[in-house]
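Residues per chain, in single letters:
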Amino acid sequence: MSDTVDSVIVAIDGPSGTGKSSTSKAVAAKLGLSYLDTGAQYRAITWWMITNGIDVDDAAAVADASGKPVIVSGTDPSHPTITVDGVDASGPIRTQEVTSKVSAVSAVPEVRTRITGLQRSIAAAAPHGIVVEGRDIGTTVLPDADLKIFLTASPEARAARRAGELKGADVSATREALVRRDAADSTRKTSPLAKADDAVEVDTTELTLQQVVECVVTLVEERRAAAQ
Ligand code: DC
């Protein structure tokens, strides 16, 4: 377990649309932990590349620029924030353009080294522990996390959830885009989307958000009890 009896590090990984963000925020709020959305950080660096005229398909140019943007994440689960060079990026990072380009940027090793360093320092500074959501948290960023969860769901359920979030987007087009992005994220060379050997897999297809949250909270409490 982490530094104090109460401090706990929870890694929640999985593909898009499995409920990672909603689950992670709710678990963190319930347990009084900090929360970090690592996808938002990759989206933020992608947005910076686009607004600074960097061709995201030019890996060398992306690598050269990867140290430039100053990305700051606020870790309150009830009000997560993200700024790039002091500018609120929470809206711009959710655009279709960023979503379609984030896999290319996040596949560049220099980008991953930079963002992974940020993630580790945020996790180390969290006073009571943290829930960190992403794709490679349990495998690479925080391999010593106290609890690792890998969320899955059928492509249909994931597409329906994402289309709902995007308010009326076409479900089959959303499914195609999502499957394409997961394939890119799972097959990249550096730190791909993967389940850690010691992660607990939770299939959320037939579960409500509340059921998933209860399941993860129970697992955290079990780990805490076992560590005492
Ligand atoms: O969780 P999200 O959809 O906002 O993530 C956006 C992208 O960021 C995702 O397609 C892959 C990348 N990502 C990553 O490579 N590693 C992480 N730990 C989190 C996200």
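Nothing here was measured: the structure is a model prediction, and the numbers come from that model.

Here is what the cut-offs are and how they apply
Residues numbered from 1 in each chain as written. Predicted model: local features only at pLDDT ≥ 70, side-chain atom pairs only at ≥ 80, totals over all residues. Heavy atoms only, no water. Helix = DSSP H or I, 4+ residues; strand = E, 2+ residues; numbered from the N terminus. Contact = heavy atoms within 4.5 Å. Polar contact = N/O pair within 3.5 Å; in protein donor to acceptor, adjacent residues only side chain to side chain. UniProt positions renumbered as here; feature names shortened; annotations may be inferred. Axes fitted to C-alpha atoms, helices over the stretch in contact; angles between N-to-C directions. Parallel < 35°, antiparallel > 145°, perpendicular 65-115°, else oblique. Left-handed = near helix turned anticlockwise from the far one by under 90°. Nonpolar A, V, L, I, M, F, W, Y, C, P; charged D, E, K, R; others polar. Expected span 1.5 Å × (residues − 1). Buried < 20%, exposed > 50% of the residue type's maximum accessible area, 1.4 Å probe, protein only. Patch = residues over 30% accessible without salt bridge, like charges linked within 9 Å, V, L, I, M, F, W, Y side chains within 5 Å. Areas by Shrake-Rupley, 256 points an atom, 1.4 Å probe, with all protein chains shown as cover. Salt bridge = Lys/Arg side-chain N within 4 Å of Asp/Glu carboxyl O. Lys, Arg positive; Asp, Glu negative; His and termini not counted. Charge placed at Lys NZ, Arg CZ, Asp CG, Glu CD. Pairing = 2+ DSSP bridges. Near = heavy atom within 4 Å.

A look at the environment of Asp185
Within the secondary structure, Asp185 is located in helix H8 (residues 171-187). As for Asp185 and Arg162, which are separated by 23 residues in sequence, their C-alpha atoms are 17 Å apart. Setting aside chain neighbours within four positions, we find Asp185 in contact with Ser103, Arg135, Pro192 and Leu193. Here Ser103 takes part through its side chain, which lies 2.9 Å from a polar atom of the side chain of Asp185.

Points about the UniProt feature "domain: Cytidylate kinase" (unreviewed entry) in the protein chain
In this numbering, the UniProt entry assigns the feature "domain: Cytidylate kinase" (unreviewed entry) to residues 10-221. This span, residues 10-221, is 50% helix and 16% strand, and a straight line between its end C-alpha atoms measures 11 Å.

Let's talk about the packing of helix H2 (residues 38-51) against helix H5 (residues 109-125)
Running from N to C, H2 and H5 cross one another at 140°; their axes reach a closest spacing of 11 Å. Compared by their axis directions, H2 and H5 come out oblique. In the packing of H2 onto H5, the handedness of the crossing is right-handed. Residue-level contacts link Thr38, Gln41, Tyr42 and Ile45 of H2 to Val111, Arg112, Ile115, Thr116, Leu118, Gln119 and Ile122 of H5. Here the residues of the contact of H2 with H5 are counted per class, giving six nonpolar, four polar and one charged.

Looking at the packing of helix H7 (residues 155-165) against H8
Running from N to C, H7 and H8 point in directions that differ by 115°, and their axes come no closer than 8 Å. By the angle between their directions, the pair H7 and H8 is classed as roughly perpendicular. The element H7 and its partner H8 pack so that their crossing is right-handed. Residue-level contacts link Pro155, Glu156, Arg158, Ala159, Ala160, Arg162 and Ala163 of H7 to Val171, Thr174, Arg175, Leu178, Val179, Arg181 and Asp182 of H8.

Focus on H2
An α-helical turn contains 3.6 residues, so any two residues separated by three or four positions project in the same direction. Relative to the 20 Å expected for 14 residues at 1.5 Å per residue, H2 spans 20 Å between its end C-alpha atoms, a close match to the ideal helical length. Burial runs high along H2: 11 of the 14 residues are buried. Those residues of H2 not exposed but buried are Thr38, Ala40, Gln41, Tyr42, Arg43, Ala44, Ile45, Thr46, Trp47, Trp48 and Met49. Backbone nitrogen of Gly39 and a side-chain oxygen of the N-cap are separated by 3.1 Å at the start of H2; the cap is Asp37. Two residues or fewer after H2 comes Gly53, characterised by a positive phi angle close to 75°.

Topic: a negative patch on the surface
Residues Asp55, Asp57, Asp58, Asp64 and Glu110 make up a contiguous surface patch of negative charge. Asp57 sits in the exposed class, given a relative accessible area of 65%.

Considerations on the UniProt feature "binding site: ATP" (unreviewed entry) in the protein chain
Within this numbering scheme, the UniProt entry marks Gly14, Pro15, Ser16, Gly17, Thr18, Gly19, Lys20, Ser21 and Ser22 as carrying the feature "binding site: ATP" (unreviewed entry). If you trace the backbone, Thr18 turns up in the loop between strand S1 (8-13) and helix H1 (20-31). Contact partners of Thr18, with chain neighbours within four places excluded, come to Leu151, Thr152, Ala153, Arg158, Arg161 and Thr204. With respect to the element layout, Ser21 can be found in helix H1. When its relative accessible area of 28% is taken as the criterion, Ser21 is described as partly exposed. Sequence-distant contacts of Ser21, defined by excluding residues within four places in its chain, comprise Tyr35, Asp37 and Glu133.

Thoughts on the pairing of strand S3 (residues 71-74)
In the case of a regular strand, side chains alternate between the two sheet surfaces. Every second residue of S3 is oriented toward a common face, the buried set being Ile71 and Ser73 and the non-buried set Val72 and Gly74. One ladder, built from four bridges, connects S3 with strand S4 (residues 81-84); its direction is antiparallel. When the sheet's bridge partners are listed, Ile71 is paired in S4 with Val84.

Regarding the site of the ligand
The full set close to the ligand counts 16 residues, and Arg43, Arg112, Arg181, Asp185 and Arg188 are the nearest of them. At 3.1 Å, a side-chain N or O of Thr38 approaches a nitrogen atom of the ligand. Take Arg181: an N or O atom from its side chain is 2.7 Å from an oxygen atom of the ligand. Out of a free accessible area of 450 Å², the ligand has 97% covered by protein chains. Looking at the shell around the ligand, the elements that each hand over two or more residues are H2, helix H4 (96-106) and H8. With four residues, H2 is the single largest residue contributor to the shell around the ligand.

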